[in-house]
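# Structural overview for review
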Amino acid sequence: MMCSVMYIPTPEERYSKVARLTLLLCIVAPSAVVMWLAEIADLMSCTYAFLLPVAIPLDWVGFNKVAAMCISALLQGIVFFWLAGTRKLSPKAKTTIAVTWGMSFALILRILIAFAIYQAARAM
């Protein structure tokens, strides 16, 4: 009988390399799930749902929808590429920031959806 030993990596080894795709999915996926569960969007709308928490307030301020989405994409792109490219943060810290960013934007999006539903019900 052969005795096998299970190797459990240390936290440093677990987070040693974080791909940019992983960071991007940590940001995009929570908002996409919120939009999908709200049943108000198709697949394409779910892919850009993470832009809405910045774009909707810009739209309220006076920008048109396209300009608000472009500004949101520009701001989030700058922050994302800074996060992915910085060497000062550990991979674990990068992942934590990306998950926190994605989940907080999903919460903001959920609040905006609830507000829109409330406004529509109130207008009836």
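Residues numbered from 1 in each chain as written. Predicted model: local features only at pLDDT ≥ 70, side-chain atom pairs only at ≥ 80, totals over all residues. Heavy atoms only, no water.

### Quick notes on the overall build of the chain
Which entries qualify depends on this criterion: Every helix listed is a DSSP run of H or I at least four residues long, and every strand listed is a run of E at least two residues long, numbered separately from the N terminus. Note on method: radius of gyration uses C-alpha positions; expected globular size equals 2.2 Å times residues raised to 0.38. Relative accessibility under 20% of the residue-type maximum defines a buried residue, over 50% an exposed one, and the middle range a partly exposed one, all with a 1.4 Å probe and only protein chains included. Each accessible area value is a Shrake-Rupley result obtained with a 1.4 Å probe; residue values ignore everything except the protein chains displayed when judging cover. His is not counted here, nor are the chain ends, while Lys and Arg score as positive and Asp and Glu score as negative. All charge positions are set by atom: Lys at NZ, Arg at CZ, Asp at CG, Glu at CD.
A count of helices and strands for the chain gives six helices and zero strands. Along the chain, from the amino end to the carboxyl end, the secondary structure elements read α-α-α-α-α-α. The C-alpha atoms of the chain give 19 Å as radius of gyration, which overshoots the globular expectation for 124 residues (14 Å, by more than 25%). Looking at the chain as a whole, 28% of its 124 residues qualify as buried. Of the roughly 9000 Å² that the chain leaves accessible, carbon and sulfur atoms contribute 72%. Averaging the locations of the 10 positively and 5 negatively charged side chains of the chain gives two centres separated by 9 Å.

### Some points on the packing of helix H4 (residues 52-61) against helix H6 (residues 91-123)
Inclusion rule: The convention used is that axes are lines fitted to C-alpha atoms, helices contributing only their stretch in contact, and that angles between N-to-C directions extend from 0 to 180 degrees. Small angles under 35 degrees read as roughly parallel and large ones over 145 as roughly antiparallel, with 65 to 115 read as roughly perpendicular and the rest as oblique. Residues are treated as being in contact if the distance between any of their heavy atoms lies within 4.5 Å. Only Asp, Glu, Lys and Arg are considered charged, only Ala, Val, Leu, Ile, Met, Phe, Trp, Tyr, Cys and Pro nonpolar, and every remaining residue, Gly among them, polar.
Following both chains from N to C, one finds H4 and H6 inclined at 45°, their axes separated by 9 Å at the closest point. Here H6 runs oblique to H4, going by the angle between their axes. On the side of H4, the interface is formed by Leu52, Pro53, Val54, Ile56 and Trp60, while H6 contributes Phe105, Ile108, Leu109, Leu112 and Phe115. Of the residues assigned to the contact of H4 with H6, the class counts are 10 nonpolar, no polar and no charged.

### Details of the nonpolar core
Inclusion rule: We define a nonpolar core as any set of buried Ala, Val, Leu, Ile, Met, Phe, Trp, Tyr and Cys residues linked to one another through side-chain atoms lying within 4.5 Å.
Of all hydrophobic cores here, the largest spans 12 residues; its members are Leu23, Cys26, Ile27, Val28, Phe50, Leu51, Phe80, Leu83, Ala84, Ala98, Trp101 and Phe105. Every element with two or more residues in this core is listed here: helix H2 (20-38), helix H5 (65-85) and H6. A per-element tally of this core places H2 first, with four residues. Each residue touching Ala84, except ones within four places of it in the same chain, is listed here: Arg20, Leu23 and Lys94.

### Some thoughts on the confidence of the model for the chain
To keep things clear, this is the line we draw: A residue's pLDDT is simply how confident the predictor is in it, with values from 0 to 100.
Here the chain averages 88 in pLDDT, and 93% of its residues register 70 or above. Within the chain, no element has a lower average pLDDT than helix H1 (residues 11-14), which sits at 68, and none a higher one than H5, at 94.

### A word on the packing of H2 against H6
The cut-off we apply is this: Two helices cross in a left-handed way if the nearer one is turned anticlockwise from the farther one by less than a right angle. They cross in a right-handed way if the turn is clockwise.
In contact at an axis separation of 7 Å, H2 and H6 are set at 20° when each is read in the N-to-C sense. As summarised for this structure, H2 and H6 are arranged roughly parallel, according to the angle between their axes. Relative to H6, H2 is oriented so that their crossing is right-handed. Contacts between H2 and H6 involve Leu23, Cys26, Ile27, Pro30, Ser31, Val34, Met35 and Ala38 on the former and, on the latter, Lys94, Thr95, Ala98, Val99, Trp101, Gly102, Met103, Phe105, Ala106, Leu109, Arg110 and Ile113. Across the contact of H2 with H6, the residue classes break down as 15 nonpolar, three polar and two charged.

### Let's talk about H2
Applicable threshold: Take the residue count of a helix, subtract one, and multiply by 1.5 Å to get its expected span. In this analysis the local bend is the angle between axes fitted, respectively, to the seven residues ending at and the seven residues starting at the residue.
The end-to-end C-alpha distance of H2, which contains 19 residues, comes to 28 Å, matching closely the 27 Å that a straight helix rising 1.5 Å per residue would cover. Along its length, H2 reaches its greatest deviation from straightness, about 30°, at Val28, and the proline Pro30 lies no more than four positions downstream. Buried-residue contacts for H2 involve helix H3 (43-47), H4, H5 and H6. Following H2 by one or two positions, Glu39 adopts a phi angle in the positive range, close to 55°.

### With respect to the environment of Leu75
Take Leu75: it is sitting in helix H5. Note on Leu75: relative accessible area 46%, which makes it partly exposed. When the C-alpha positions of Leu75 and Val54 are compared, they lie 9.0 Å apart, and in sequence the two are 21 residues distant.

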